[in-house]
Amino acid sequence: MIVWVNGAFGSGKTTLVDELRPRWPEALVYDPEMVGFVLRKIVEVPTGDFQDLRLWRRQVADLAVGLVEEYHRPVLVPMTLINAQYVGEIFGVLKGAGIAVHHFFLKVSREVLEQRIDGRSFTPDDPEQDERVRRWCKDRIEPCMAAADVLPGDTVFLDGELTPQELAAQVLTRTGAVSVGATTAPPIEPSRAHS
């Protein structure tokens, strides 16, 4: 099983996965951004976004399949992925390998996203780079919010302004995972209820 936690930068993807880890100890955490960092050291990224590299998408999907097949454990993936074609490529490989994919998208208001991005330090030793990354993240808020309308029909939309504990309980309930120290969670927003 793959649990893909999607959403805009600042929506809380990594925070949610960090909350899930102690409750779901057998799950592996796989951050596809690491694949992008490796590729950047080897090849040029003409657009500046490693997701535009076909090799990135192929490697992300292949490594996810390999983790599930080799270790027979659920895999948690915190990664913004909003290009419908790229989602189709990656999820198509995962589902083609017979792997169940649970796709969650954290919905967060623009104001909260901007506050969270402003509150983060990406490169503490380089304030100019920090500001460039912050601007890059903010520039992608609108496309990320718009992407909710073109994501796969089985995407589950969650209120990313809930606490990490509440969100983790919803993910565990939806995936059927057994939680260590489970608590009652608010109801899950049905797919496409944002429309």
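Here, the structure is the one placed above.
Residues numbered from 1 in each chain as written. Predicted model: local features only at pLDDT ≥ 70, side-chain atom pairs only at ≥ 80, totals over all residues. Heavy atoms only, no water.

Some words on the overall build of the protein chain
Part 1: Of regular secondary structure, the protein chain possesses eight helices and five strands.
Part 2: If you list the helices and strands of the protein chain from N to C, you get β-α-β-α-α-β-α-β-α-α-α-β-α.
Part 3: Relative to the globule expectation of 16 Å for 195 residues, the C-alpha radius of gyration of the protein chain, 16 Å, shows essentially globular dimensions.
Part 4: Across its three principal axes, the protein chain shows a C-alpha extent of roughly 45 × 35 × 35 Å.
Part 5: Here the protein chain holds 195 residues, and 42% of them are scored as buried. (Helix = DSSP H or I, 4+ residues; strand = E, 2+ residues; numbered from the N terminus. Rg over C-alpha atoms; globule rule 2.2 N^0.38 Å. Buried < 20%, exposed > 50% of the residue type's maximum accessible area, 1.4 Å probe, protein only.)

Regarding the packing of helix H5 (residues 110-118) against helix H6 (residues 127-139)
Part 1: Put simply, H5 and H6 touch, their axes get as near as 10 Å, and they point 165° apart. Taken together, the axes of H5 and H6 are roughly antiparallel relative to one another. Relative to H6, the crossing made by H5 is right-handed. Mapping the contact onto sequence places Glu 114, Ile 117 and Asp 118 in H5 and Arg 134, Cys 137 and Lys 138 in H6. (Axes fitted to C-alpha atoms, helices over the stretch in contact; angles between N-to-C directions. Parallel < 35°, antiparallel > 145°, perpendicular 65-115°, else oblique. Left-handed = near helix turned anticlockwise from the far one by under 90°. Contact = heavy atoms within 4.5 Å.)

Focus on the environment of Glu 114
Part 1: Considering the arrangement of structural elements, one finds Glu 114 in helix H5.
Part 2: Sequence spacing of Glu 114 and Cys 137 is 23 residues, and the spatial spacing of their C-alpha atoms is 8.8 Å.
Part 3: Ignoring sequence-local partners within four residues, the contact set of Glu 114 consists of Lys 138 and Ile 141.

Some words on the environment of Asp 52
Part 1: Relative to the elements of secondary structure, Asp 52 occurs in the loop between helix H2 (33-42) and helix H3 (54-71).
Part 2: Excluding anything up to four places from it in sequence, Asp 52 contacts Thr 47, Arg 57 and Tyr 86.

Things to note about the pairing of strand E1 (residues 2-7)
Part 1: Among the six residues in E1, six count as buried, and that is most of the element.
Part 2: Burial along E1 is two-sided: Ile 2, Trp 4 and Asn 6 facing one way and Val 3, Val 5 and Gly 7 facing the other are all buried.
Part 3: With four bridges joining them, E1 and strand E3 (residues 75-78) adopt parallel strand pairing. Its bridge partner being in E3, Ile 2 is matched across the sheet by Val 75.
Part 4: In the sheet, E1 pairs with strand E4 (residues 101-107) via six bridges, with the strands oriented parallel. When the bridges of E4 are listed, Asn 6 appears paired with Phe 105. (Pairing = 2+ DSSP bridges.)

Overview of the packing of aromatic side chains
Part 1: Here the structure, examined in full by the defined rule, presents five aromatic pairs.
Part 2: Linked through ring pairs, Phe 37, Phe 50 and Trp 56 together constitute an aromatic cluster.
Part 3: The side chain of Arg 57 reaches across the aromatic face of Tyr 86, ending 4.0 Å from its centre. (Phe/Tyr/Trp six-rings, centres within 6.5 Å; stacked < 30°, edge-to-face > 60°. Lys NZ or Arg CZ within 6 Å of the ring centre and 35° of its normal.)

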